[in-house]
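What the coordinates show
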Amino acid sequence: MSLKAGTIQAAEQLLARLPAVSRPIIERYFRQNPAVDHKADDSPVTLADKEVEAALRAVIASQFSDHAIIGEEHGGQPDKPCCWVIDPIDGTRAFITGKPLFGTLVAFVHEGQPVCSVIDMPALDETYLTAQGRACLITSDGRSGDLQTRSCAKLADAHLATTSPEAFTPQGWQSFQAVSQLCRSAHYGGDCYNYALLAAGHLDLVIEHQLAPHDLMALVPVLQGAGAVVTDWQGRAPVLGGDGSLVAACGPELHAQALTMLAQTDSLAADKHHP
């Protein structure tokens, strides 16, 4: 089923309004020491996570009742061509410890492909979103401007980021380190904000390994709209239901070098374990 331009425009207009829905809820809980539960995978969840997702779902469903909605806290199935993917608070560990580097992620996906999205950083009062194929930043004073990735063609000049070593398999972490050792600098923590910084031209490369769909889908349109190259570790376009690996680079040359190094390290590790 083809996607009408009017649908994309309506989706982008709704995405731009969603921070006004999520931020008041987040503000009530942030740095108020909210109660924390732990899910089956031991990841933390708060009432803020649940309430934000419920509020976003209600607003989306009121305008797009024939679309599917899936989210980190309330589940759902991508059983329709058009689907919304929500991570109400990406970086819950940062949120519960008072750190401002958490965000709300919402993506509009068509037939598995992320089309447009928003990365909202409420504690920083920064909103990164797509508009007519471009990525832009809306700042705290209401100004907006297009985003553009930095020019960096060599790993030796690149500033690399990832959230945590714990998010990699042992073999995946070995591959990441092989790339990291060739870069100018490596930075840890940051969750979704790393991707916003890449889109804004401050970081050059972000590599992650085991992302869930709600972690991943909203990142892709913003990055691509700013000129980044975004694939999984095999060089495939990120899709709903993919393997959760991600390589986001400011341009094609840097992306190709990172992919090559990841593939070489992965191949060496495979040979070591399978003589």
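Conventions adopted
Residues numbered from 1 in each chain as written. Predicted model: local features only at pLDDT ≥ 70, side-chain atom pairs only at ≥ 80, totals over all residues. Heavy atoms only, no water. Helix = DSSP H or I, 4+ residues; strand = E, 2+ residues; numbered from the N terminus. Rg over C-alpha atoms; globule rule 2.2 N^0.38 Å. Buried < 20%, exposed > 50% of the residue type's maximum accessible area, 1.4 Å probe, protein only. Areas by Shrake-Rupley, 256 points an atom, 1.4 Å probe, with all protein chains shown as cover. Lys, Arg positive; Asp, Glu negative; His and termini not counted. Charge placed at Lys NZ, Arg CZ, Asp CG, Glu CD. 1 Å grid on protein atoms, 1.4 Å probe; cavity = no way out; pocket = protein on both sides within 12 Å on 5 of 7 lines; lining within 4 Å. Points joined across faces, edges and corners; volume = space filled by probe spheres on them. Expected span 1.5 Å × (residues − 1). Polar contact = N/O pair within 3.5 Å; in protein donor to acceptor, adjacent residues only side chain to side chain. Pairing = 2+ DSSP bridges. Axes fitted to C-alpha atoms, helices over the stretch in contact; angles between N-to-C directions. Contact = heavy atoms within 4.5 Å. Parallel < 35°, antiparallel > 145°, perpendicular 65-115°, else oblique. Left-handed = near helix turned anticlockwise from the far one by under 90°. Nonpolar A, V, L, I, M, F, W, Y, C, P; charged D, E, K, R; others polar. Phe/Tyr/Trp six-rings, centres within 6.5 Å; stacked < 30°, edge-to-face > 60°.

**Digging into the overall build of the protein chain**
- Helix and strand counts for the protein chain stand at 9 helices and 14 strands.
- At 18 Å, the protein chain has a C-alpha radius of gyration in line with the 19 Å of a compact globule built from 275 residues.
- The dimensions of the protein chain, computed from C-alpha atoms along their principal axes, are 55 × 40 × 40 Å.
- For the protein chain, the residues scored as buried account for 53% of the 275 residues in total.
- Carbon together with sulfur atoms contributes 51% to the accessible area of the protein chain, which is approximately 12400 Å² in total.
- Charged side chains of the protein chain number 18 positive and 31 negative; the gap between the two group centres comes to 3 Å.

**Describing unusual backbone geometry**
- The backbone of N33 sits at a positive phi, close to 50°, despite the residue not being glycine.
- As for its placement among the helices and strands, N33 is situated in the loop between helix 2 (19-29) and strand 1 (36-38).
- In this structure N33 comes out as exposed when scored by relative accessible area, which is 69%.

**Examining the layout of surface pockets**
- Taken as a whole, the largest pocket spans an internal volume of roughly 950 Å³.
- In terms of lining residues, the largest pocket is bounded by 32 residues, among which G91, T92, R93, T163 and D191 are the most central.

**Observations concerning helix 3 (residues 47-63)**
- Across its 17 residues, helix 3 extends 25 Å between first and last C-alpha, which sits within 8% of the 24 Å expected from 1.5 Å per residue.
- One side-chain oxygen at the N-terminal end of helix 3 lies 3.2 Å from the backbone nitrogen of A48; it belongs to T46.

**Some thoughts on the sheet that holds strand 7 (residues 126-131)**
- With respect to topology, 7 strands assemble into an open sheet ordered 3-4-5-6-7-8-9, the strand pairing being mixed. The open sheet is flanked by strand 3 (68-71) and strand 9 (144-146), the only strands paired with a single partner. Here the average twist between neighbouring strands, direction ignored, is 20°.
- Across 3 bridges, strand 8 (residues 134-138) lies against strand 9 in antiparallel orientation. Counterpart to C136 in the pairing with strand 9 is D146.
- Contacting strand 4 (82-90), strand 5 (103-110), strand 6 (113-121) and strand 7, helix 1 (residues 5-17) runs over the sheet at an angle of about 15° to strand 6.
- Along the sheet, helix 2 makes contact with strand 4, strand 5, strand 6 and strand 7, crossing strand 6 at roughly 40°.

**Things to note about the packing of helix 2 against helix 3**
- The geometry of helix 2 relative to helix 3 is characterised by a closest axis approach of 9 Å and an angle of 165° between their N-to-C directions. Here helix 3 runs roughly antiparallel to helix 2, going by the angle between their axes. With respect to the hand of their crossing, helix 2 and helix 3 are arranged in right-handed fashion. Here V21, S22, I25, I26, R28 and Y29 of helix 2 come into contact with helix 3, specifically with L47, A48, E51, V52, A55, L56 and V59.
- Among the residues forming the contact of helix 2 with helix 3, the class breakdown is 10 nonpolar, 1 polar and 2 charged.

**Overview of the packing of helix 1 against helix 2**
- Contact geometry for helix 1 and helix 2: axes closest at 5 Å, N-to-C directions at 25°. One way to sum up the angle between helix 1 and helix 2 is to call them roughly parallel. Here L15, A16 and R17 of helix 1 come into contact with helix 2, specifically with P19, A20 and V21.
- Considering only residue class, the contact of helix 1 with helix 2 consists of 5 nonpolar, no polar and 1 charged.

**Some words on the packing of aromatic side chains**
- Inspection of every chain in the model, using the stated rule, returns 12 aromatic pairs.
- Taking the centre distance of 6.5 Å and the plane angle of 70° together, the rings of Y128 and Y193 count as edge-to-face. Taken together, the residues span a long stretch of sequence, with Y128 in strand 7 and Y193 in helix 6 (residues 193-199) at a distance of 65 residues. In this structure, Y128 and Y193 share a single accessibility class: buried.
- An aromatic cluster is present here, built from F168, W173, F176, Y188 and W233 joined pairwise through their rings.

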